[in-house]
Amino acid sequence: MPNEAQIPISSDFDIVAARQQGRQLALKLGFQGGDVTLIAAAISEMARNIVDHAKKGEMTFERIQNGTKNGIQIIARDDGPGIPDVNQAMQYGYSTRRGLGVGLPGAKWLMDEFDIVSKVGKGTTVTMKKWLT
Amino acid sequence: MQVPILKQGSFLIASIQSVLSDADLLQLRDDLADRVGKSRSRGVIIDVTVLDVIDSFATRTLRAIAHMLKLRGAETVIVGIQPEVAFAMVQLGLTLEGVGTSLDLEEGLTFLDQRAKRKVKDAK
């Protein structure tokens, strides 16, 4: 497996596939059991957001470096409806659907870095990073 | 992938064999609601040992299953949540409130036995 992977997301099966891809890359990069599970959980929440809100999109996983630090970067991108109020969406328990409202804030807690850019009518891009310690 | 459901006395055991898609989990919910009636079961064990992640959807669905089965007269206990999975759930702020949990299958059976006994005692 190379140091990056890209996977289209359009159904609940793709959520499982994305999780597995991300897990494999994380293991390859040297992440340990507990961290691998946290990464897989964050991927799961972001992939689900794409399916639930945008119908389709894509996720990319890649190895990143910063000086001597190594890590994994996960990007979830869609051309969906976008999020009108990102601050509200980042609040724990806030959901526009019947969800638990933990997806975005939860994923932020699981990862070391989290960035979200969303434009109404254009789509949403979430970039998350986790560093090897 | 369908989850096999075994009958063990007055209990049902749903033993998840592989990673599940959302559709598989919803199928399990419907199967259990159906089987609890057919087998007149008092308790259900869902073994999630093989699940590598229990995310918000899985948590919501497991909670829904437990509440549905309760309405059908059966107690539910989730067994086999792995340590890393539990850690990730806590980090995500996910809880299985109102749902029984036990370490493994053996503990799950003990849990259901005790619940059944308590019910009989309460009824007396």
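Refer to the structure above for everything that follows.
Small disclaimer: the values here were computed from a predicted structure and weren't measured.

J.: Any chance you could break down the side chain of A:Ser118 for me, citing the residues and the numbers?
T.: All names here are of chain A. With respect to the helices and strands, Ser118 occurs in strand 4 (residues 113–119). Only 3.5 Å separates the side chain of Ser118 from the backbone oxygen of Gly123, close enough to count as a polar contact. Looking at Ser118, its side chain comes within polar contact range of the side chain of Thr124, at 2.9 Å. The contact partners of Ser118, leaving out residues within four places of it in the chain, are Gly82, Ile83, Val86, Gly123 and Thr124.

J.: Quick one: what's the story with the packing of aromatic side chains, residue by residue and with numbers?
T.: Within this structure, the stated rule accounts for 0 aromatic pairs over all chains. Positioned above the aromatic ring of A:Trp131 is the side chain of A:Lys69, whose terminal nitrogen or guanidinium carbon lies 4.6 Å from the ring centre.

J.: Explain the sheet that holds strand 4 of chain A residue by residue, including any values.
T.: Picture the strands of a sheet paired through backbone hydrogen bonds; they go either parallel or antiparallel. Residues and elements named next belong to chain A. Pairing is antiparallel across the open sheet formed by 5 strands, whose spatial order is 1-2-3-5-4. What marks the edges here is a single partner per strand, and that holds for strand 1 (4–9) and strand 4. The mean inter-strand angle of the sheet, taken between neighbouring strand axes irrespective of direction, is 15°. Where strand 2 (residues 57–66) and strand 3 (residues 69–78) come together, 10 bridges link them in antiparallel fashion. Considered in strand 3, the bridge of Met59 is made with Ala76. Against the sheet, helix 2 (residues 33–54) makes contact with strand 1, strand 2, strand 3, strand 4 and strand 5 (123–131), and its axis sits at roughly 15° relative to strand 3, the strand it touches most. Taken strand by strand, helix 4 (residues 103–110) contacts strand 4 and strand 5, and its axis lies near 150° from that of strand 4.

J.: Give me the lowdown on the interface of chain A and chain B, citing residues and values where you can.
T.: The interface of chain A with chain B comprises 25 residues on the first partner and 20 residues on the second. Both sides together, the interface formed by chain A and chain B hides about 1900 Å², and carbon and sulfur atoms give 58% of it. Among the salt bridges present, the one from A:Arg23 reaches B:Asp52, with a minimum N-O distance of 3.0 Å. For the side of chain A that touches chain B, the secondary structure elements donating two or more residues are helix 1 (12–29), helix 2 and helix 4 of chain A. Here the element with the most residues in the side of chain A that touches chain B is helix 2 of chain A; it accounts for 9 residues. Taken together, the residues of the side of chain A that touches chain B sort by class into 12 nonpolar, 7 polar and 6 charged.

J.: Outline the pairing of strand 5 of chain A, supporting the account with residue identities and numerical values.
T.: Residues and elements named next belong to chain A. Here strand 5 lies mainly inside the structure; 7 of its 9 residues are buried. Bridge count between strand 3 and strand 5: 8 bridges; the pairing is antiparallel. Counterpart to Ile75 in the pairing with strand 5 is Thr127. As defined by bridge partners, strand 4 adjoins strand 5 across 7 bridges and the pair is classed as antiparallel.

Reading guide: rules and limits
Each chain carries its own residue numbering, running from 1 in the written order of its sequence. Lettering of chains starts at A and numbering of ligands starts at 1, both following the order in which they are written. Under the rules for a predicted model, residues below a pLDDT of 70 receive no local features and side-chain atom pairs below 80 are neither given nor counted, while totals for whole chains, interfaces and linings still include all residues. Side-chain metrics rest on all non-hydrogen atoms present in the structure, leaving aside hydrogens and water. Comment: elements are numbered from the N terminus, with helices defined as DSSP H or I runs of at least four residues and strands as E runs of at least two. Between N or O atoms, a polar contact is any pair within 3.5 Å; within protein, one atom must be a potential hydrogen donor and the other a potential acceptor, and residues adjacent in sequence are included only when both atoms are from side chains. When checking whether two residues touch, look at their non-hydrogen atoms; a contact exists if any pair is within 4.5 Å. Aromatic rings from Phe, Tyr and Trp, taking only the six-membered ring of Trp, are treated as a pair when their centres fall within 6.5 Å; an angle between ring planes under 30 degrees marks them as stacked, one over 60 as edge-to-face, and anything in between as tilted. Two thresholds decide whether a charge sits over a ring: the Lys NZ or Arg CZ must be within 6 Å of the ring centre and within 35 degrees of the ring normal. Note on pairing: DSSP must find at least two bridges between two strands before they are called paired. Angles run from 0 to 180 degrees between N-to-C directions of axes, and those axes are lines fitted to C-alpha atoms, restricted for helices to the stretch in contact. Accessible surface is computed with a 1.4 Å probe, and the buried area is the amount of it that two parts give up when combined, taken over both parts together. Within this document, salt bridges are pairs made up of a side-chain nitrogen of Lys or Arg and a carboxyl oxygen of Asp or Glu, the two lying within 4 Å of each other. For this classification, the nonpolar set comprises Ala, Val, Leu, Ile, Met, Phe, Trp, Tyr, Cys and Pro, the charged set comprises Asp, Glu, Lys and Arg, and every other residue, Gly included, is treated as polar. Accessibility here uses a 1.4 Å probe with only protein chains present; expressed as a share of the type maximum, an area under 20% marks a residue as buried, one over 50% as exposed, and anything in between as partly exposed.

On their own, these measurements won't tell you what the molecule is for.
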